[in-house]
Amino acid sequence: MAGMLYLCATPIGNLEDMTFRAVRILKEADLIAAEDTRNSVKLLNHFDIHTPMTSYHEYNKYEKGRKLVEKMLEGSTVALITDAGTPGISDPGEELVRMCCEAGIPVTAVPGAAACITGLILSGMSTRRFAFEAFLPTDKKEREAVLDSLRQEQRTIVLYEAPHRLVKTLKLLVQTLGENRRVSICRELTKKHETVFRSTLGQAVSYYESTEPKGECVIIAEGLSREQIEQEAREKWEDMSIEDHVAHYMSMGDDRKEAMKKAARDRGVSKRDIYNYLEQNKEK
């Protein structure tokens, strides 16, 4: 009979956020797979957990993943933990889950802390819809592609960043989203010196250029509003005359009535405004 994989969330700072269930599962498991055993042993000692532990991280996730799958197929129960937070969120846990799914091994989660959600609900931004991008890619082309995809993002944007790269990333976001975009920078979440800095991107760059950030950071940026999208769309047509705008759609096969309707939509005016303008200028 196959074993099972438990994805156990651990505290992101405050040890009191450890759940009773997570402690029990970690004690009952046959093996704990940890991102960094040196960090995790402190957590296990605090909760008097003596389950054997093995390393599972970005650099051994394929080789060690296969070994863990073999153990679970033999009947072992494995609990996966990350350094802090929920396994599978911006860490190699997702690969082990995929391997278990392919092998038919049951997987379940023991939920708990996640920095992205904690930062989001503290940000003061809309939480109904959000886009989580974790850490920006280190590869320049891939990073530029991700940033470009965020230009028209209407959902709240959530990013992770290390303190020594915070200013550089904020400057990239200024170039992408504009210096007036609202942002919240969350640091030291759940810890004694937790801070949430709410400002604009431009102000955040100025602040952190003169104030050295400490602790892992969660960046939450406001999404592009529908009004901004409509305004940008209208601005694209400002350099084109109304006559040329209508002619543009007629050249694409629309009749004059439909072309005026589309031009009016693009410019944020009524079709009657377009019609009246064309009639007045026709007389001239």
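Residues numbered from 1 in each chain as written. Predicted model: local features only at pLDDT ≥ 70, side-chain atom pairs only at ≥ 80, totals over all residues. Heavy atoms only, no water.

The next subject is the packing of aromatic side chains. Following the criterion strictly, the structure yields five aromatic pairs and no others. With 5.6 Å between their ring centres and 70° between their planes, Phe-197 and Tyr-208 make a pair best called edge-to-face. Of this pair, Phe-197 sits in strand β9 (residues 195-200) while Tyr-208 sits in helix α8 (residues 201-210), and the two are 11 residues apart along the sequence. Residues Tyr-207 and Tyr-208 carry aromatic rings whose centres are separated by 4.9 Å and whose planes lie at 85° to one another, so their mutual orientation is edge-to-face. Given the relative accessible area of 5%, Tyr-208 is considered buried. Here a set of aromatic residues connected by ring pairs shows up, and it is made of Phe-132, Phe-135 and Tyr-160. (Phe/Tyr/Trp six-rings, centres within 6.5 Å; stacked < 30°, edge-to-face > 60°. Helix = DSSP H or I, 4+ residues; strand = E, 2+ residues; numbered from the N terminus. Buried < 20%, exposed > 50% of the residue type's maximum accessible area, 1.4 Å probe, protein only.)

Looking now at the sheet that holds strand β1 (residues 4-8). In a beta sheet, neighbouring strands are held together by backbone hydrogen bonds and run either parallel or antiparallel to one another. One open sheet holds the five strands; their spatial order is β3-β2-β4-β1-β5, and the pairing between them is parallel. This sheet does not close on itself; its edge strands, each paired only once, are β3 (53-55) and β5 (107-110). Here the average twist between neighbouring strands, direction ignored, is 25°. The sheet contacts of helix α1 (residues 20-28) involve β1, β2 (31-34), β4 (77-81) and β5, and relative to β5 the element is tilted by about 135°. (Pairing = 2+ DSSP bridges. Axes fitted to C-alpha atoms, helices over the stretch in contact; angles between N-to-C directions. Contact = heavy atoms within 4.5 Å.)

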